[in-house]
Amino acid sequence: MLCKEVEELVTALSDNELAGPERIVVERHLADCPDCRSLYQQQVALKQVIRRAAAEMKAPLELREKILNDRRVFPPRVVTGPEPRPWASVFTRPALALALLVLVLLPVIYLMRPQSPSLALAAIETHDKITRGEVTVIRGDSPEAIKEILVRSVAGEFAPMGYDLSMMNLKPVAGTVQTFDGRRVLVALYQGDGGSLTCYTLVGTERDAPPRAQAFFDADKNMTFYSYSVGRTNAVLHREGGLICILVSAMPMPDLLALARSKAAPSHS
Amino acid sequence: MTHLDHLYRIAYNLAKAPDDAQDLVQETYARALGAYEQFAPGTHLKAWLTRILYNFFVDRHHQGKRWVSVEDSTAQKNEESDPWEKMATENPGPDSHVLRQELSVQITGALGRLPEEFRAPIVLVDMGDFSYVEAAEVLSCPVGTVRSRLFRGRRLLHGYLKEYVGTKEPA
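About the cut-offs
Residues numbered from 1 in each chain as written. Chains lettered and ligands numbered in written order. Predicted model: local features only at pLDDT ≥ 70, side-chain atom pairs only at ≥ 80, totals over all residues. Heavy atoms only, no water. Helix = DSSP H or I, 4+ residues; strand = E, 2+ residues; numbered from the N terminus. Contact = heavy atoms within 4.5 Å. Buried < 20%, exposed > 50% of the residue type's maximum accessible area, 1.4 Å probe, protein only. Areas by Shrake-Rupley, 256 points an atom, 1.4 Å probe, with all protein chains shown as cover. Salt bridge = Lys/Arg side-chain N within 4 Å of Asp/Glu carboxyl O. Core = buried A, V, L, I, M, F, W, Y, C linked by side-chain atoms within 4.5 Å. Phe/Tyr/Trp six-rings, centres within 6.5 Å; stacked < 30°, edge-to-face > 60°. Arc of directions from axis to C-beta. Pairing = 2+ DSSP bridges. Axes fitted to C-alpha atoms, helices over the stretch in contact; angles between N-to-C directions. Patch = residues over 30% accessible without salt bridge, like charges linked within 9 Å, V, L, I, M, F, W, Y side chains within 5 Å.

Turning our eyes to something else, we now look at the overall build of chain A. A tally of helices and strands in chain A yields eight helices and eight strands. A separation threshold of at least 6 residues defines the contact pool for chain A, and within that pool the share at least 24 residues apart is 57%.

It is worth spelling out the overall build of chain B at this point. Scanning chain B from terminus to terminus reveals ten helices and zero strands. Listing every helix and strand of chain B by position from the N terminus yields α-α-α-α-α-α-α-α-α-α. Among the 171 residues that make up chain B, the fraction classed as buried is 57%. Sequence separation of at least 24 residues holds for 62% of the intrachain contacts in chain B that already meet a minimum separation of 6. Split by element, the accessible area of chain B, about 7300 Å² in all, is 47% carbon and sulfur.

It is worth spelling out the pattern of salt bridges at this point. If you walk through the whole model with that rule in mind, you get 16 salt bridges over all chains. Across the salt bridge formed by E27 of chain B and R31 of chain B, the nearest N and O atoms sit 3.4 Å from each other. Of this pair, E27 of chain B and R31 of chain B are both found in helix α2 (residues 18-34), four residues apart, which corresponds to roughly one turn of the helix. Exposure remark for E27 of chain B: the relative accessible area of 19% places this residue in the buried category. The salt bridge involving D126 of chain B is made with R154 of chain B; its shortest N-O contact spans 2.8 Å. Here R154 of chain B lies in helix α9 (residues 143-160) and D126 of chain B lies in helix α7 (residues 116-127), a separation of 28 residues in the sequence. Here the two residues D126 of chain B and R154 of chain B agree in accessibility, since each one is buried. By sharing partners, the salt bridges in this structure join D15 and K47 of chain A together with D126 and R154 of chain B into a single network.

Turning next to the nonpolar core. V25 and L157 of chain B are the most contacted members of the largest nonpolar core, which has 75 residues in total. Sorting elements by how many residues they give to this core places helix α3 (residues 45-63) of chain B first, with ten residues. In this view, L157 of chain B contacts L46 and I50 of chain A together with A110, L111, L114 and I122 of chain B; residues no more than four positions away in its chain are not counted. Listed in part, the 27 residues of the second largest apolar core include L150, C245, L259 and A264 of chain A.

Locating F57 of chain B in the fold gives a position in helix α3. C-alpha separation for the pair F57 of chain B and L24 of chain B, spaced 33 residues apart in sequence, amounts to 6.9 Å.

On to the packing of aromatic side chains, then. Residue and element names in this part refer to chain B. Under the counting rule described, the total for this entry stands at two aromatic pairs over all chains. Where Y8 meets Y12, the ring centres are 5.9 Å apart and the plane angle is 45°; that geometry is what we call tilted. Remark: Y12 and Y8 occur in helix α1 (residues 4-15); sequence separation between them is four residues, near one turn of the helix. The exposure class of Y8 is buried, given its relative accessible area of 2%. Centroid distance Y54 to F57: 6.2 Å. Interplanar angle 40°. Geometry classified as tilted. Pair noted here: Y54 and F57 are both in helix α3, with a separation of three residues, about one helical turn.

This brings us to helix α8 (residues 132-139) of chain B. All names here are of chain B. For α8, the complete set of buried residues consists of Y132, A135, A136, V138 and L139. Down the axis of α8, the sector holding all buried residues measures 160°, keeping them to one side. At the exit of α8 stands S140, carrying a positive phi of roughly 55°.

With that settled, consider the sheet that holds strand β2 (residues 171-180) of chain A. Residue and element names in this part refer to chain A. The strand order β1-β2-β3-β4-β8-β7-β6-β5 describes an open sheet built from eight strands, whose pairing is antiparallel. Taken across any chain shown, the strands that pair with only one partner, and hence form the sheet edges, are β1 (138-139) and β5 (214-218). Running over the sheet, helix α8 (residues 253-263) touches β4 (195-203), β5, β6 (223-230), β7 (233-240) and β8 (243-249) and is turned about 20° from β7.

There is a patch of nonpolar side chains on the surface, built from L98, L101 and V102 of chain A and spanning about 260 Å² of accessible area. Note that L98 of chain A resides in helix α5 (residues 94-112).

Printed below as a string of C-alpha cells:
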C-alpha cells in the first residue's frame, strides 16, 4: 500500500475509528514505514494538545447568568389561569425532564456552594511565593503588554484591575495566571522602591473574603473592604461589579487599606 | 448547566469571538427548549444540542450577519511578535498553568486560521469527543468527508503549531 493511500487511514487510526482488515493493513504499513509512523505520532500528539486546550476553556459565569435570565429558556411561572401550559408536556418525556432538572439544579448548586476562604488565603501564599521567586511570572515591557497577556490568557473574559501606584513608587512589572479552586485568577505584580505588591483579579463575590476578615464600609464609595493578614503579609479584598480585587503586600495594613480605598472605582450596585 | 462548557468550547472555536460564542450558546438553549418535541428520549442530548448550535452558526455565518470574518485579526496577531512565545522557551516546565494557558491561546488562534470546513470537524472530534459518525450527523456530511477533512485540517494545524506539538514533520 502506498503512503498516499494510507494517510487518511492513519488519521482514523489515531482517532480509534479504524477496525477490521483496514486497521491490520495500516498497522502493518506503519511498522515498515517511518514517515507514516511519524505522521501517526504527529496526529496523536496534536489531538492531545487540542484536548488539553479544550479542558482549559470554560463557559464564563456571565453566560450562565444570561441563560438563567433568558425568559425563553426559563419562562416566568404561571401561577393562575385555566390555559394549559405547554411546558407541562415537557415532563411527560422523562429524558428531557431529567435534562431540564439538571439544567436548573446545577447552577443553583453552583451558586449556593460555600465559597472557599482558601482562595483569599492562597492569594497571600502566592504573593509570598512570587516574592521568593517560586512562581513563574511573565515579565512585560509595559503595563499594557502585561495586561494584554493576562486578558488573552482568559480568552478576554475579564481584564486585570490596573492601578496607577506610581505615587507609591510601585509599577507593574510582571503577571501570571493562577487557578484556585478551579477559578482563574489574574495576578499583576507591582515592584519598585516601595517594595512589592500583587493585585489579584477574579470573577467572584464578597463571600470570597475569609470569614475572619475585618470589614470596613466606605460610605463615600458605597463599598466594603475586607482586610486580613497571614504572618506579616497583609491583604485587602473588595468587589468592583462582578470582579473581586485582592491587593496583597507587606506594607502596613492601614497603608494598604488606604491604597485600596483610594484606587477602587466607586460602586453603584 | 448541561453541556454548557462543551457548547461554549464549540461555539467559541466556530465563531472565534467570545460575544458571538455566548450568543450562539444562549440561542442554542432557547431553540432546544422550543424544539423539545424533536428530541428523541434515549438519544444523545449532547449531539442534539451541538447540532442545533452548529445549524444556527451556519445560518448566521452564511447570512453574513455577524460573524463573517474567517481571516480576521487572529491570524495577524499570531504572526506578530508574541510575548508568550518568548515565555515558552524560557519556561519549559510542562506542568505550569501559565504554559497550559499559553498553549490554549495558541491552539485557539491556530484553529481560527483554518477554513471553517476543516475547523468544524476538528472542533467536534478533538474538542467535543465526537465519533466520526456523530460529527458527520452534526455537519450533515458523509463520514468519509469528516475523515478527509480531519486529515487535511490537522495537517494545516500541525504546520501552525509545530513548536508546541513536538513531533517532526514526515518527509
